[in-house]
Amino acid sequence: MKKKFLLVLPIFATGLYLGKKTKLIKDVKKDINNIFENDPAARSIPEVLLCYPGLHALWIHRLSHLLWSKNLKLVARFTSHIGRFLTGIEIHPAAKIGRNFFIDHGMGVVIGETAEIGDNVTLYQGVTLGGTSLEKVKRHPTIGNNVVIGSGAKILGAFKIGDNSKIGSNSVVVREVPDNSTVVGVPGKIIKKEISEEKKDLDHTKLPDVEGRLFRYLLHRIEELEKEIQAVYKGDKDIIEAEEKKNLEELKKIENYIKSFDIGIGGINGKNDD
């Protein structure tokens, strides 16, 4: 027993020394605290260490990223492959990840080679940060600070998701998103641009039903057209003129509503679709 202890002691001491020199222990503490801050289900440090695949994937990525930077490409890829097998999360060794990164649940998350992730970013299960080019260039997205990406969302291409933005679940984003934006739909549409008082908004129930609102507009238009047709049959000129005026206003409103969803055009702030 004493011999085993004497054998383990130098290894432990060496690990502790290297940990202090490389700030490893400090980083591990920050990672654990980040889990407690972002997940109310976390109850204890042993539970976090043993049962959080997002944390394991992050630690394995740090190792594979270090190997990649030392030009040990094959070893780095194999290390990340082991991480994928163990956690269900695939992070390319070349991907750059900032501080306080949190992957909740994590199964099916894919982060591509040239992806860059800022500080205080949260990803849910099934998120893809993918590329759209076969050339060896920057082809994956850059994620800003304080961004939340909902489960199943796909962000495809070499563009930036602005700071303090929120991507709704199952959205497919293919164009750049400005700061302080909320994006939903396929393809992704900006439905809100405003500065949030919170650092990171995790309440996905606040996302509006874009298609539902559009359908309600169209049904309302059909109703108005039916009234106009009845007025034509009856020969009531006053009603016809009133309906034509109303139709022009409604068409303009629908046109502005649809145009405002094109990413890059903007113009929607949650007030113009009442």
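That block above? That's the structure.
Residues numbered from 1 in each chain as written. Predicted model: local features only at pLDDT ≥ 70, side-chain atom pairs only at ≥ 80, totals over all residues. Heavy atoms only, no water.

Q: Account for the overall build of the protein chain, naming residues and giving values.
A: When helices and strands are tallied, the protein chain shows seven helices and 15 strands. The buried share of the protein chain, taken over its 274 residues, is 39%. In the protein chain, once contacts between residues fewer than 6 apart in sequence are set aside, the share between residues at least 24 apart is 36%. Surface exposure of the protein chain reaches about 16800 Å², of which carbon and sulfur atoms provide 60%. (Helix = DSSP H or I, 4+ residues; strand = E, 2+ residues; numbered from the N terminus. Buried < 20%, exposed > 50% of the residue type's maximum accessible area, 1.4 Å probe, protein only. Contact = heavy atoms within 4.5 Å. Areas by Shrake-Rupley, 256 points an atom, 1.4 Å probe, with all protein chains shown as cover.)

Q: Just give me the short version of the sheet that holds strand β11 (residues 160–161), but keep the residues and values in it.
A: The strand order across the open sheet formed by four strands is β2-β5-β8-β11, and the pairing between neighbours is parallel. Two strands close off the open sheet at either side, each with one partner strand: β2 (96–97) and β11. (Pairing = 2+ DSSP bridges.)

Q: Any details on the packing of helix α2 (residues 24–38) against helix α4 (residues 53–69)? Residues and values, ideally.
A: The contact between α2 and α4 brings their axes to 11 Å, and the two run at 155°. Between α2 and α4, the crossing angle belongs to the class labelled roughly antiparallel. As for how α2 packs across α4, the hand of that crossing is right-handed. Contact with α2, carried on its side by Asp27, Val28, Asp31 and Ile35, involves Leu55, Leu58, Trp59 and Arg62 of α4 and no other residues of that element. For the contact of α2 with α4, the per-class residue count stands at five nonpolar, no polar and three charged. (Axes fitted to C-alpha atoms, helices over the stretch in contact; angles between N-to-C directions. Parallel < 35°, antiparallel > 145°, perpendicular 65-115°, else oblique. Left-handed = near helix turned anticlockwise from the far one by under 90°. Nonpolar A, V, L, I, M, F, W, Y, C, P; charged D, E, K, R; others polar.)

Q: Report on the sheet that holds strand β1 (residues 90–91), specifying residues and quantitative values.
A: Taken in spatial order, the five strands make up an open sheet running β1-β4-β7-β10-β13, and their pairing is parallel. The sheet is open, and its two borders are formed by β1 and β13 (172–173), each paired with just one other strand. As paired strands, strand β4 (residues 110–111) and strand β7 (residues 128–130) are joined by two bridges and run parallel to one another. Along β7, the bridge assignment pairs Val110 with Thr128.

Q: Give a detailed account of α2, specifying residues and quantitative values.
A: An ideal rise of 1.5 Å per residue puts 21 Å on 15 residues; α2 measures up with 21 Å between its terminal C-alpha atoms. Check the buried side of α2 and you find it contacts α3 (45–51), α4, β3 (102–103) and β6 (122–123). (Expected span 1.5 Å × (residues − 1).)

Q: Tell me about the packing of α4 against helix α5 (residues 73–87), and please be specific about residues and values.
A: Close contact between α4 and α5 brings their axes to 8 Å; oriented N to C, the two are set at 175°. The angle between the axes of α4 and α5 places the two elements in the roughly antiparallel class. Residue-level inspection shows Pro53, His56, Ala57, Ile60, Leu63, Ser64, Leu67 and Trp68 of α4 in contact with α5, the latter providing Lys73, Val75, Ala76, Arg77, Thr79, Ser80, Gly83, Leu86 and Thr87. Its residues assigned to classes, the contact of α4 with α5 comprises nine nonpolar, six polar and two charged.

Q: Can you explain empty space enclosed by the protein? Please cite residues and give values.
A: Summed over all chains, the structure comprises two cavities of 30 Å³ or more. A volume near 60 Å³ is recorded for the largest cavity. What lines the largest cavity is Ala57, Ile60, His61, Ser64, Ser80, Gly83, Arg84, Thr87, Ile89 and Ile91. Only α4 and α5 provide two or more residues apiece to the lining of the largest cavity. Here the lining of the largest cavity is built from residues that sort into four nonpolar, five polar and one charged. For the second largest cavity, the calculated volume is near 40 Å³. Every residue along the wall of the second largest cavity is listed here: Asp31, Asn34, Ile35, Gly54, Leu55, Leu58, Phe101, Phe102 and Ile103. (1 Å grid on protein atoms, 1.4 Å probe; cavity = no way out; pocket = protein on both sides within 12 Å on 5 of 7 lines; lining within 4 Å. Points joined across faces, edges and corners; volume = space filled by probe spheres on them.)

Q: Let's hear about the environment of Thr87: which residues, and what values?
A: With respect to the helices, strands and loops of the structure, Thr87 is situated in helix α5. Residue classification places Thr87 among the buried positions, given a relative accessible area of 5%. Separated by 19 residues in the primary sequence, Thr87 and Gly106 have C-alpha atoms spaced 7.8 Å apart. For Thr87, the contacting residues outside a window of four places in its chain are Pro53, His56, Ala57 and Met107. A polar contact of 2.6 Å, which involves the side chain of Thr87, links it to the backbone oxygen of Gly83. A distance of 3.1 Å separates a polar side-chain atom of Thr87 from the backbone nitrogen of Ile89. (Polar contact = N/O pair within 3.5 Å; in protein donor to acceptor, adjacent residues only side chain to side chain.)

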